[in-house]
Amino acid sequence: MKEPIIKIANNILLIALLCFFVWQLYASFIKYEDKFENPVIVTKQDYGNDFITQYGNRFVEIKKLFPKPTNLTYIGENNEDFASGALHYILTQYYLSPNLILRNQIVRDTIIYNLYNSKQITPSTNFHLKNGWHIVKDFNNGLIVLAK
Amino acid sequence: MLIFSILLSFFLGLLFCILVFEKNDNTNFRFLINLSLPLGIGISSVIFISLNLLKLPFFLISLVEIGLIIFLAFKIKKSNKTIGQFSGLKHIIPELQLQKPSPKTGSNSIAKRLRNSFNCWGEELLKNPILLLFTVIYFYAWLMDSGIFYFDSIKESHGLWDAFNYWNLKAKFISLAPFDWPHLFHQMVSDDFHPDYPLLQTGYIARCWLYLKNESVWAPIVVSFAFTFCTIGFLATSVSIFTNKTKGLIAGLILLATPFYMTMGDSQYADNTVGFFYLATVVLLTFARREASIKPQLLIVAGITAGLSAWSKNEGLLFIACLFCSQFSLLFFKNYRELLTELKYLLLGMLPILFLIAYYKISIAPPNDIVSAQGAETFIKLTDYSRYETVCKWYFEQFTTFGKWVINPWWLFLFGIIYKGINLKENRDSLLSAFILFLLMLLGFFFIYIITPLPLEFHLSTSIHRLFFQLFPTFIFIYFLGVKQKTLKQNHNLVK
């Protein structure tokens, strides 16, 4: 008598557990419902259009300038907040590897400016241009390479 | 080429597993597949980085890998083992199926066996409607999560912060400067890029990119997919082998239904990678100690997977330390000589990988930021009560927010223990040592936070959920191993 009751109780609990899983899965599903409805359109819309991929398009030309691994000094925007400064620096390193991009105190002969917002350096006030560096190439997208 | 490079690793892992497991291990085909791929990826990564450090050109490294596969195939043929020894394939591939099928028994015969096999599964499912329901939901969840993984991956194809800042970035260095990367890594700023992080995922992605001859985003996506879904499959099959099929499906469903688990996977972080190897080590140790006499070959593989966890992330080194410490709890039940023999095999498995890690850490990578910052301040932090309070607060907060479930699922685990009780009769040694290992890992993480040189709240907020997720699959396995079940005889029938 006891065993069938336990068996029924077990089955009820398993069904309850199953309902819990279904509820949780449904909660996850509804967040992606529109994507599941139009997977092809979503793929076309999303693939290659994220910030990181788009950011990489700026580096297509500059990569050709460094056929062999080089050490470069990195200069970002003035008055940049920590998070966006770090992001721009890391993405520069990501897209220019295996060149080593360094932003420590030692200034190398080759410098890369990544001015994502302001795009241009002001020659009259720029420290490096005043101290022996010259512009090798301005890629007109905020990326500027200077050399001594 | 990407498929080819991954298939090579898969076959490497597969043949290795066939060689290691025996007929009476009661493993099945799904278990084999879910273990083979990540294990193969890990071994390929170790081979690639080791030979690359010896300045071997890439085509020679590929030849070594192919040579190893051929060697393993010959070894298997010699030992008369086949893929057919794994249950689930017995109906499709009979014993000694490596020979060519005779002309009389051609594709028709295989089709017939396939049909028989599906009939057997079908019959079993029809007999047990609950099992059928769970199977249907499991497959639905698997497909849905694959879709979620795909949509997230194409939206953020380079992964999230850690992926493009650490793992994929260093993979670029290795693939674009295959002989110069050690020198370049040495010059990298540790705080920004953490070049001290181990290279399993990085090395493997670089290896795939060298096969592809470009840095396709699909290589890290596929690798992350493999680890994420193999962890689910491996957990489900392992639990089903040690308990029953329904529990195996529930275990898999817990991971499949945890929303943050997919986010972890498609972000291309290495936490799922290291989590897989924690789980594999605990499962393989349980297999090795399942019977009265230990199985040295399984202990060696457990050693390899533990080593691979340390080759995945620095937390893996803590795992190895905790693994050895946890084994000493068995001194209450075992002769110390017996235990030392087991530990010897474990160490033997992980030793080559530990040598590689030691060489990498000492000769190539700059010191780890957390380790190098230790000094007099460590003692001050250890005696600072407020730090303990903060970490405790975060630990408890994880209890309610962990996994981003719609409602907190922890009461289900608690309810299961209260309702069923704890079983210490079966797999006592494995259960006890695995549970102590789990507690030691939590304690280890706790003290890392206490002595961290980073701002405490920032460090906790960016990593604690990921550290807990690394242990989550292992916790689920230990839980199901510990919860009481019906008689073993019944379970064996279910597995078969």
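Computed from a predicted model, the values in this text were never measured in an experiment. Throughout this document, residue positions are counted from 1 along each chain, in the order its sequence is written. Key to labels: chains lettered from A, ligands numbered from 1, both in the order written. Under the rules for a predicted model, residues below a pLDDT of 70 receive no local features and side-chain atom pairs below 80 are neither given nor counted, while totals for whole chains, interfaces and linings still include all residues.

Section: the overall build of chain B
Helix and strand assignments follow DSSP, with helices taken as H or I runs no shorter than four residues and strands as E runs no shorter than two, numbered in order from the N terminus. For chain B, the helix and strand inventory stands at 23 helices and zero strands. When each of the 496 residues of chain B is scored for burial, the buried share is 45%. Throughout, a residue-residue contact means that the two C-beta atoms, derived from backbone geometry, are no farther apart than 7 Å. Considering only intrachain contacts with a sequence separation of at least 6, the fraction spanning at least 24 residues in chain B is 79%. Each residue is classified by how many other C-beta atoms fall within 10 Å of its C-beta atom, where C-beta atoms are placed from the backbone; a count of 20 or more means buried, 12 or fewer means exposed, and values in between mean partly exposed.

A short note on the interface of chain A and chain B
Taken together, the contacts link 31 residues of chain A with 32 residues of chain B. Among the secondary structure elements, those contributing two or more residues to the side of chain A that touches chain B are helix H1 (2–31), helix H2 (33–37), helix H3 (39–46), helix H4 (51–56), helix H6 (82–96) and strand S2 (100–102) of chain A. Ranked by residues supplied to the side of chain A that touches chain B, first place goes to H1 of chain A with 12 residues. Residue composition of the side of chain A that touches chain B, by class: 20 nonpolar, eight polar and three charged. Throughout this entry, Asp, Glu, Lys and Arg are counted as charged residues, while Ala, Val, Leu, Ile, Met, Phe, Trp, Tyr, Cys and Pro are counted as nonpolar. The remaining residues, Gly among them, count as polar.

A word on the nonpolar core
Residue and element names in this part refer to chain B. Formed by 144 residues in total, the largest nonpolar core has its most connected members in Leu 235 and Phe 477. Of all the elements, helix H10 (residues 218–242) adds the most residues to this core, at 13 residues. Among all residues touching Leu 235, those that are not within four sequence positions of it are Ala 251, Gly 252, Leu 255, Leu 279, Pro 473, Ile 476 and Phe 477. We define a nonpolar core as a collection of buried residues of the types Ala, Val, Leu, Ile, Met, Phe, Trp, Tyr and Cys that are connected via C-beta atoms lying within 7 Å of each other.

Remarks on the packing of helix H14 (residues 296–312) of chain B against helix H15 (residues 315–327) of chain B
Residues and elements named next belong to chain B. Running from amino to carboxyl end, H14 crosses H15 at an angle of 150°, the nearest separation of the two axes being 7 Å. Of the possible angle classes, the one that applies to H14 and H15 is roughly antiparallel. Two secondary-structure elements touch here, H14 through Ala 306, Ser 309, Ala 310, Trp 311 and Ser 312 and H15 through Gly 316, Leu 317, Phe 319, Ile 320 and Leu 323. For the contact of H14 with H15, the residue count by class is seven nonpolar, three polar and no charged. With axes taken as lines fitted to C-alpha atoms, and helix axes fitted only over the stretch in contact, angles between N-to-C directions fall between 0 and 180 degrees. Angles below 35 degrees are treated as roughly parallel, those above 145 as roughly antiparallel, those between 65 and 115 as roughly perpendicular, and all remaining angles as oblique.

Quick look at the sheet that holds strand S5 (residues 143–147) of chain A
Residues and elements named next belong to chain A. Two strands pair if DSSP finds at least two bridges between them. The mixed open sheet is built from five strands, whose spatial order is S2-S1-S3-S5-S4. The open sheet has two free edges, formed respectively by S2 and strand S4 (134–138), since each of these has just one partner strand. Averaged over all pairs of adjacent strands, the angle between strand axes in this sheet comes to 30°, irrespective of strand direction. Note that S4 and S5 share four bridges and pair antiparallel. Within S5, the residue paired with His 134 across the bridge is Ala 147.

Some words on unusual backbone geometry
Omega for the bond connecting Ser 97 of chain A with Pro 98 of chain A falls within 30 degrees of zero, at 15°, which places this linkage in the cis form. As for its placement among the helices and strands, Pro 98 of chain A is situated in the loop between H6 and S2. Positive phi, normally seen in glycine, also occurs at His 194 of chain B, with a value near 45°. Phi at Lys 213 of chain B takes a positive value of approximately 65°, unusual for a residue other than glycine.

Regarding the confidence of the model for chain B
Residues and elements named next belong to chain B. A residue's pLDDT is simply how confident the predictor is in it, with values from 0 to 100. On average, residues of chain B carry a pLDDT of 86, and 89% of them reach 70 or more. Under a pLDDT of 50 for its full length, residues 91–107 has, in the predicted model, 22 contacts with residues more than four places off or in other chains. Overall, residues 487–496 carries pLDDT values under 50, and its contacts beyond four positions in sequence, including any with other chains, amount to 11 contacts. As a predicted assembly, this complex carries a pTM of 0.90 together with an ipTM value of 0.90.

Looking at H14 of chain B
The end-to-end C-alpha distance of H14 of chain B is 24 Å, a good match for the 24 Å that 17 residues give at a rise of 1.5 Å each. Here H14 of chain B lies mainly inside the structure; 15 of its 17 residues are buried. Every helix has an expected span of 1.5 Å times one less than the residues it contains.

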